[in-house]
Amino acid sequence: MKLHFGNGLLKGMLVTIKQNLRHPTVTQYPEQRLNTSRRIRGQELVWNKTRCTGCATCAKACHQGAIQIVTATNTENNKYEVETYRVDTGYCIQCGICVEACPYDALFMGARYEKAKYRRAELVENKEQMADSLDRPVSGYFHPERAEKLPVQTLLVEKINEDRSKE
Amino acid sequence: MTELFANPWFHWAFYTVLLISFALGAVMGLIYIERRGMGRMQSRLGPNRTGPFGLLQAVADAVKVLLKEDIVPANADKVVHWLAPIVAFVPVLLIFAVVPFMNGAMLADLNIGILYVFAIGSISSVGIFMAGWSSSNKYSLLGAMRDVASIVSYEIPLVLAIIGVVILAGSLSTNEIVKAQANIPFILLQPLGFIIFFAAACAEINRSPFDLLEADSELVAGFHTEYSGMKFAMFYLVEYAEALAMCAIISTIFLGGWQGPVLPPWLWFLVKTFGMFYVMVWTRTTFPRVRIDQLMALAWKFMLPLALINIVVTAIEVVIWPTPAGLPWVLIIVNFAVAGILIVTWSRLMKYGWGRVETTLR
Amino acid sequence: MALHTEPFILNIGPVHPSTHGVFRIRATLDGEVIVDIEPVFGYLHRGVEKLAEQRTYTGIIPLTDRMDYITSMSNNLAYVLAVEKLAKVKVPERAEYIRVIMAEMQRICNHLVAAGAFINDCGAFFTPFLYMFREREKLMDLFEMVSGQRLTYNYMRVGGVSQDLPAEFLPALRKFLKEMPAHIAEYERLINDNEIFLARSRMIGILPKELAINCGISGPVARASGVKWDLRKADPYGIYDRFEFDIPTGTVGDANDRYTVRIAEMKQSLRIIEQAVEKIPAGPVISDVPKVLHPPVGEAYGHLEGPKGELGFYLVSDGGIAPYRFHVRPPSLINLTALRQMLIGWKIQDAITIFGSIDITMGEVDR
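Note on numbering: residues in each chain are counted from 1, in written sequence order. Whichever chain is written first is A, and whichever ligand is written first is 1; the rest continue in order. Owing to the predicted nature of the model, reporting of local features is limited to residues with pLDDT of at least 70; listing and counting of side-chain atom pairs is limited to 80 or more, with chain, interface and lining totals taken over all residues. Water and hydrogen atoms were dropped before computing side-chain values, which therefore reflect all heavy atoms in the structure.

A. Geometry of the overall build of chain C. Only runs of H or I of at least four residues qualify as helices and only runs of E of at least two qualify as strands under DSSP, and these elements are numbered from the N terminus. Each helix and strand counted, chain C has 15 helices and eight strands in total. Taking 2.2 N^0.38 as the reference for a compact globule, 367 residues should give roughly 21 Å; the C-alpha atoms of chain C span a radius of gyration of 21 Å, in line with that estimate. Principal-axis analysis of the C-alpha atoms places the extent of chain C at approximately 80 × 45 × 35 Å. Residue exposure (1.4 Å probe, protein chains only): buried if accessible area is under 20% of the type maximum, exposed if over 50%, otherwise partly exposed. In chain C, buried positions account for 67% of the 367 residues. Note on definitions: a residue-residue contact is assigned when non-hydrogen atoms from the two residues lie within 4.5 Å. Sequence-distant contacts, at least 24 apart, represent 72% of the contacts inside chain C between residues at least 6 apart. Method for areas: the Shrake-Rupley scheme with a 1.4 Å probe, in which residue coverage is limited to the protein chains shown. Of the accessible surface of chain C, which amounts to about 11700 Å², a share of 58% is contributed by carbon and sulfur atoms. His is not counted, nor are the chain ends, whereas Lys and Arg count as positive and Asp and Glu as negative. The atom standing in for a charge is NZ when the residue is Lys, CZ when it is Arg, CG when it is Asp and CD when it is Glu. Distance from the positive charge centre (41 side chains) to the negative charge centre (45 side chains) of chain C: 2 Å. This radius of gyration counts C-alpha atoms alone. The globule rule is 2.2 Å times how many residues there are, raised to the power 0.38.

Set out below in structure tokens:
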């Protein structure tokens, strides 16, 4: 193989040294936070107590078997109630199929993404923890009306604003 | 004060302490430059959390490594495994003995200073081979073998490349060489010698694109795969101390050492040394790694003949223009032209590696 | 005096920086030269094919995400194409366009990873890799915007796609399309002419055209060997017959050809996306498909030109809610079949380069 040195090596070196003049791509995570997608499928589920009828479509749709739902009739005030609604987020793969399956818009993906836990038992969430509250924002996955309320996603395409066509 | 320095024992003690602390301190600086500089060129930031601007990252790493468990493989040759980092580290420190920080500010102004550097410098590869051999790991052995091969090959162009400088300066002493560069740094008179020396030095201290012995994408970590804790830190230190020594030598013999206007001499020396290291970081960021047979081909077929031609050209020039007055523009232009033409034409002529090998063992 | 030497065995992997996962090459070495190799895989076997037989047709889509996790969108699409063939479902026009956009974005994404990792295997210390990952990050942002996840998209559905594109997607994609050619030019400046890179990749690991065809190799690896075979042209699925694009092919079939073919394919993918963005119509994105699918008894094979090669899903239905048999034709695995012929005789460093140039994902090889 015949090569002549110089040209290609210097061209490459020019590219790398020019990088010093540009803005770095990285984000300093705990201080700077980028907005996630409005449709983010976060690491938790949000469950709406009033809308849920206890039909268990979500539990059937979940191919991971992460959702446990037990319903019973409450004889005292003659109502059909969800007794247990439990999600083992350790099993959950955040595919969002349960949210799509829910016919009554009672189940949502959560919008948070920092959900590290110290114990495995803490991964199992019951219906009180899963209620729609302020510290558990709802993502717009499969619910466009919810998506509009969330902040716009920060895009790298827009964050690094450099016109390189001149080079 | 001068009387105190005239005392050889004080001189010896002072410079020994100074050099060791300089080597250890500057290595931290090099690690910082490498990580930050490389990070910046790769469109990221590099370490910036520990201390102001991440300056203490190297300290934090050192503390972490010190606290690590020291693991010796069960099949290792324990004594050699233990000795290897020391054998690799000591010669690197010895190189600094002849590096002039200022006019005459050096541990020993040997009149064969340059020769001493290369005689001592190649010993550390013995330590590396000991590490590779004693670890009883195939990756380590392959890495160590590659190191020996590259050291044996690259010593020759490395030494030949500086003969041009020695001819121009008329001395082997490092301090005399710096003094000879009062008008003009030798990089302008010896561009070819500089390029060959830089490339060969990269190979000698195993920096990219010649870092075959610790090629992380194929040999995991090369010779120090089986090292951990403080012994690993020693090898890490050797790597950067070698780089520092080579950069110091390059700035001494090609860039005019402590010579320079305005700034104090020791600062000029440091600026040049660290600047050279930045160039090494730059090449490491940009280039892929060569293959072992290409490494050999490059040494024997490319650098060796070019270094010899460089010596002949320099000798002829010295005979024709014995004492250049002022800036010898003719020489500079001629030398750069010779370097450019030789590199382009010679690399076209040579065969770069062998390609596929038909083996009979199957 | 002849020196007595004997070959020794080196286990490259399963835990090794350059095996792209948990692949193991049991190499017999004569010094640095490879005499024989034996690929060993199966360390990442998760039994996807058996798992799928107990899941509903929709529930399998997240599984396909996790096969080749670098090209989830293409996996989704290939599987969904197979189910649509099986259940004879029509797909709305807008969904077809969205699928094309997603598949081509995914191809760019994969080739960025493949080319970056390949140059990294050549020894460039992460620089081209990080530059390419920067652009991949931009694409992953777009995928996240559409599907809600960055890697396991789970976006395609039988009969369309799960949700429509958000309003801010197309402007962002146009912006990306505008700046991407400059980035590709930058990669080319950085590495394409680099003499060390050329010496490391040219005429290395040559895969002859005949061997490529005989081994059933597809995708960029086959095209680099000069096989002009692209399912987008040869068997146009979806609406690929409406777009104009070329099939880049290599001449020699060496590692460098495989790299340049990938770079050229990225440019072609950009062309396809540009055309699709121009023509995309409004309308529904999913046709009326029952939530629990009962396809008629029968079998179907859906395939597409995945970023790594022909990705096929073979489904047998017994009329139930889960497939009776689910089989994958993984391009990563089949492209590995010529590995032995490609590696023998080269040095251990070349082995890493050649292996990197094939571009495999262990999640797909072992499934």
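From this point, the narrative continues.
B. Main features of the sheet that holds strand 6 (residues 298-306) of chain C. Residue and element names in this part refer to chain C. For two strands to be treated as a pair, DSSP must find at least two bridges joining them. In spatial order, the strands read 6-7-8; together these three strands make up an open sheet with antiparallel pairing. Each end of this open sheet is capped by a strand with a single partner; those strands are strand 6 and strand 8 (325-329). Looking at each pair of strands side by side, their axes are set apart by 10 degrees on average, direction ignored. Pairing of strand 7 (residues 309-317) with strand 8 involves five bridges; the strand directions are antiparallel. The residue bridging V316 from the neighbouring strand is R325, located in strand 8. Note on method: axes are straight lines fitted to C-alpha atoms, helices fitted across the in-contact stretch only, with angles between N-to-C directions ranging 0 to 180 degrees. Those strands touched by helix 3 (residues 72-87) are strand 6, strand 7 and strand 8, and its axis lies near 150 degrees from that of strand 6.

C. The arrangement of helix 12 (residues 265-286) of chain B in detail. Its 22 residues place the ends of helix 12 of chain B 32 Å apart at the C-alpha level, agreeing with the 32 Å of an ideal helix rising 1.5 Å per residue. Among the residues of helix 12 of chain B, those classed as buried are F269, K272, T273, M276, F277, M280, V281, T283, R284, T285 and T286 of chain B. Of the surrounding elements, those touching the buried residues of helix 12 of chain B are helix 1 (7-18) of chain A, helix 2 (8-41), helix 10 (191-204) and helix 11 (229-253) of chain B together with helix 5 (127-147) and helix 6 (169-192) of chain C. Multiplying 1.5 Å by the residue count of a helix minus one yields the expected span of that helix.

D. Expanded view of the pattern of salt bridges. By definition, a salt bridge exists where a carboxyl oxygen of Asp or Glu is found within 4 Å of a side-chain nitrogen of Lys or Arg. Inspection of every chain in the model, using the stated rule, returns 39 salt bridges over all chains. The partner of D193 of chain C in a salt bridge is K11 of chain A, and the shortest N-O contact between them spans 2.4 Å. Taken together, the positions of D193 of chain C in the loop between helix 6 and helix 7 (195-201) and K11 of chain A in helix 1 put the pair across two chains. For R329 of chain C, the salt bridge identified is with E310 of chain C, shortest N-O distance 4.0 Å. Of this pair, R329 of chain C sits in strand 8 while E310 of chain C sits in strand 7, placing them 19 residues apart in sequence. You'll find R329 of chain C and E310 of chain C in the same group, each marked buried. Bridged by salt links that share partners, the residues E104, R107, R223, D230, R232, E265 and E305 of chain C form one connected network.

E. Spotlight on the interface of chain B and chain C. Each side of the interface is counted separately: chain B has 34 residues, and chain C has 46 residues. Of the roughly 3400 Å² buried between chain B and chain C, counting both surfaces, carbon and sulfur atoms make up 59%. Inspection of the chain B/chain C interface yields two salt bridges. When the shortest N-O distance is used, the salt bridge between K347 of chain C and D293 of chain B registers 3.8 Å. Any N or O atom pair separated by 3.5 Å or less is treated as a polar contact, with the protein-specific requirement of one donor-capable and one acceptor-capable atom, and with residues adjacent in sequence counted only for side-chain atom pairs. Along the contact surface separating chain B from chain C lie twelve residue pairs in polar contact (both at pLDDT 80 or more). What counts as buried area is the accessible surface, traced by a 1.4 Å probe, that two parts surrender upon association, with contributions from both included.

F. Expanded view of the nonpolar core. Core analysis: the biggest nonpolar cluster contains 101 residues, and Y154, F197, F210, I253 and F254 of chain B have the highest contact counts within it. Look past the residues within four positions of F254 of chain B in its chain and what remains in contact with it is A161, I162, V165, Q181, P185, F186, I187, Q190, G193, F194 and F197 of chain B. Among buried residues, the Ala, Val, Leu, Ile, Met, Phe, Trp, Tyr and Cys ones that are joined through side-chain atoms within 4.5 Å form a nonpolar core. Membership of the second largest hydrophobic core comes to 87 residues, among which are V80, C122, V277 and V285 of chain C.

G. Expanded view of the domain arrangement of chain C. All names here are of chain C. The domains assigned to chain C are domain 1 (1-45) and domain 2 (49-359). By convention here, the domain bounds are inherited from an automatic or database domain assignment. Distance between the C-alpha centres of domain 1 and domain 2: 29 Å. Taken together, the 17 residues of domain 1 in the interface contact 16 residues of domain 2. Summing both sides of the interface, domain 1 and domain 2 together bury roughly 1500 Å²; the carbon and sulfur share of this comes to 74%. Counting across the interface, domain 1 meets domain 2 through one salt bridge. Residue D36 pairs with R340 through a salt bridge whose shortest N-O separation is 2.8 Å.

H. Quick look at a nonpolar patch on the surface. Residues and elements named next belong to chain B. Taken together, the side chains of M28, F53, L55, L56, V59, V63, L66, L67 and M230 make up a nonpolar region of the molecular surface, amounting to roughly 870 Å² of accessible area. Here the nonpolar patch gets three residues from one element, more than from any other, and that element is helix 3 (residues 57-66). With respect to the secondary-structure elements, M28 resides in helix 2. Each patch is built from residues that are more than 30% exposed by relative accessible area and take part in no salt bridge. Like charges join if they lie within 9 Å; nonpolar side chains (Val, Leu, Ile, Met, Phe, Trp, Tyr) join within 5 Å.

I. How the structure looks around the environment of A72 of chain A. All names here are of chain A. Positionally, A72 belongs in strand 2 (residues 67-74). The partly exposed category is assigned to A72, whose relative accessible area is 23%. Non-local contacts of A72, meaning those with residues more than four positions away in its chain, are made with K79, Y80, E81 and E83.

J. How the structure looks around the sheet that holds strand 2 (residues 24-30) of chain C. Spatially, 1-2-3 (chain C) is the arrangement adopted by the three strands of the open sheet, whose pairing is antiparallel. Edge strands, defined here as strands with exactly one partner in the open sheet, are strand 1 (8-12) and strand 3 (33-40) of chain C. The average angle at which neighbouring strand axes cross in this sheet is 25 degrees, direction not considered. As paired strands, strand 1 of chain C and strand 2 of chain C are joined by five bridges and run antiparallel to one another. Its bridge partner being in strand 2 of chain C, N11 of chain C is matched across the sheet by R26 of chain C. Sitting on the sheet, helix 7 (residues 138-169) of chain B is in contact with strand 1 and strand 2 of chain C, with an inclination near 105 degrees to strand 1 of chain C.

K. Representation of the packing of helix 10 of chain B against helix 11 of chain B. Residues and elements named next belong to chain B. Interaxial distance between helix 10 and helix 11 falls to 11 Å at its minimum, and their mutual angle equals 165 degrees. Classified by the interaxial angle, the pair formed by helix 10 and helix 11 is roughly antiparallel. Every pair of crossing elements has a handedness; the one defined by helix 10 and helix 11 is right-handed. In this structure, helix 10 uses F194, F197, F198, A201 and E204 to contact helix 11, whose residues at the interface are M246, I249, I250 and I253. In these notes the angle categories are as follows: under 35 degrees is roughly parallel, over 145 is roughly antiparallel, 65 to 115 is roughly perpendicular, and the rest is oblique. We call a crossing left-handed when the near helix sits turned anticlockwise from the far one by less than a right angle, and right-handed when that turn is clockwise.

L. Main features of unusual backbone geometry. In this structure, A56 of chain A takes a positive phi of about 70 degrees despite not being glycine. Take A56 of chain A: it is sitting in the loop between strand 1 (45-47) and helix 2 (57-61). The phi dihedral of M203 of chain C falls on the positive side, at around 60 degrees, and the residue is not glycine. Structurally, M203 of chain C can be placed in the loop between helix 7 and helix 8 (209-214).

M. Inspection of the interface of chain B and chain A at higher detail. Chain B puts 23 residues into the contact, and the matching count from chain A is 21 residues. Of the roughly 2100 Å² buried between chain B and chain A, counting both surfaces, carbon and sulfur atoms make up 59%. Counting across the chain B and chain A interface gives seven residue pairs in polar contact (both at pLDDT 80 or more). Breaking the side of chain B that touches chain A down by element, the ones donating at least two residues are helix 2, helix 12, helix 13 (292-320) and helix 14 (329-349) of chain B.

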